[in-house]
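Remarks on the overall topology
Take a look at the letters that make up each chain.
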Amino acid sequence: MSVVEIGVASLADRQPRTVDGTTVTEAARTAQIIELGVQADELGLDVFGLGEHHSRDFVVSSPVPVLAAVAARTTRIRLTSGVTVLSALDPVRVHQDFATLDLISGGRAEITVGRSAYPEPFALFGVDINDYDEVFTEKLDLLLRLRDEPEISWSGTHRPPLTRAAVVPRGVQAALPVWIGAGGTPASAARAGLLGLPLILGYLGGSPEHLRGLVDLYRAAGARAGHADRLRVGVAAHYFGAETQAEAASTYPYYHDFLRPKHPGGGGFVVTPQAFTDGTSPDRPLMIGTPGHVIDKLVHLHKVLGYDRLQLLADWGGLPAPLVEASVHRLGTEIAPALRETLSRVSRGIP
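Read on for a plain summary of the structure. (Residues numbered from 1 in each chain as written. Predicted model: local features only at pLDDT ≥ 70, side-chain atom pairs only at ≥ 80, totals over all residues. Heavy atoms only, no water.)

In this section: the overall build of the protein. When its secondary structure is counted, the protein shows 12 helices and 12 strands. Relative to the 2.2 N^0.38 estimate, which gives 20 Å for 351 residues, the radius of gyration of the protein is 20 Å and therefore close to what a compact globule would have. Reported as C-alpha extents along the three principal axes, the dimensions of the protein are approximately 60 × 50 × 40 Å. Counting across all 351 residues of the protein, residues that qualify as buried make up 52%. Partitioning the contacts of the protein with sequence separation of at least 6, the portion at a separation of at least 24 is 72%. When the accessible surface of the protein is split by element, carbon and sulfur atoms take 56% of a total near 14,700 Å². The average position of the 32 basic charges and that of the 38 acidic charges among the side chains of the protein differ by 3 Å. (Helix = DSSP H or I, 4+ residues; strand = E, 2+ residues; numbered from the N terminus. Rg over C-alpha atoms; globule rule 2.2 N^0.38 Å. Buried < 20%, exposed > 50% of the residue type's maximum accessible area, 1.4 Å probe, protein only. Contact = heavy atoms within 4.5 Å. Areas by Shrake-Rupley, 256 points an atom, 1.4 Å probe, with all protein chains shown as cover. Lys, Arg positive; Asp, Glu negative; His and termini not counted. Charge placed at Lys NZ, Arg CZ, Asp CG, Glu CD.)

This is the structure:
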């Protein structure tokens, strides 16, 4: 395994009409996402992640079918959700779906579970949002049991019991990898460490040093639970690899459209031009700029966090497909090789 795994992700957001006036259908957006995963594999990247959402602002509510389409056209890239909203779903069905993806992909499936930052799935699937942490804890316990036990007896509060249930199919991998995805909640980081599960953190604000607090909490909880040798840290960030800094700056209207509230009561926030510029500065989270600029930021981020996986959101806000393709190409041919070489040298003590 390389010093760090580097991959791309899509939240599958859709702007029906982009800021440049292009009309994008759900079918066209879904096809673009599949091509993104295929391109990432062709470039030798390590992982492709796909978000799950249940509102009109996104086109993917079930990542597995789309990941299966990517699996059919790829050979090596790992395929994960980002995130599976476990609080609102049935862990039995989640495991069955991802085990099937594992069979289709030849052992490349992973599950990244989270509690969701959006209210829609709870109303849609009849889960009281006030209980979401309790429900998540119970369902995560069941999912991990399902992963490890081909036949299971289990009882809980939030789904019917299981009695000597054979949950099939089983994947190619002996146990499907399960990651915890967290946005910045200390309790989520501590939970992942306590369970000895890999953790991927959304880096959406503040400095790397601020994020370090969550990573320290995760590693301390894992060490106390005897899992120090099993812990892995991932970082998810927003990315655009540009030919020039001027081109990077020109993506602001798309970024603004990506995050703005789309309808009354919907999630999101307004990013001002100054906030966007500040976010691309060396000690802030937006990995948007020329390859050299992005490499410097990622090297510093690794120095602070020692991350094991990097997952870069590449196709946000209705960016035109040619721009996304060029950006991902720069990631695969310039940024990833340079980052791997730099971190390899650091790991070997070579200045």
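Further notes follow.
Most peptide bonds take the trans configuration, and most residues that are not glycine carry a negative phi. For the bond from Gly-82 to Val-83, the omega torsion is 10 degrees, close enough to zero to count as cis. Secondary-structure assignment places Val-83 in the loop between β3 (78-81) and β4 (84-85). In this structure, the amide linkage connecting Val-168 to the following residue, Pro-169, adopts the cis form with an omega of 0 degrees. As for its position among the elements, Pro-169 is in the loop between β7 (162-166) and β8 (178-182). Phi at Ala-12 is positive, roughly 65 degrees, even though this residue is not glycine. Mapped onto the elements, Ala-12 comes out in the loop between β1 (5-10) and α1 (26-42). In this model, Arg-164 sits at a positive phi of 45 degrees, which is unusual for a non-glycine residue. Along the polypeptide, Arg-164 turns up in strand β7.

What is shown is where atoms sit, not what they do.
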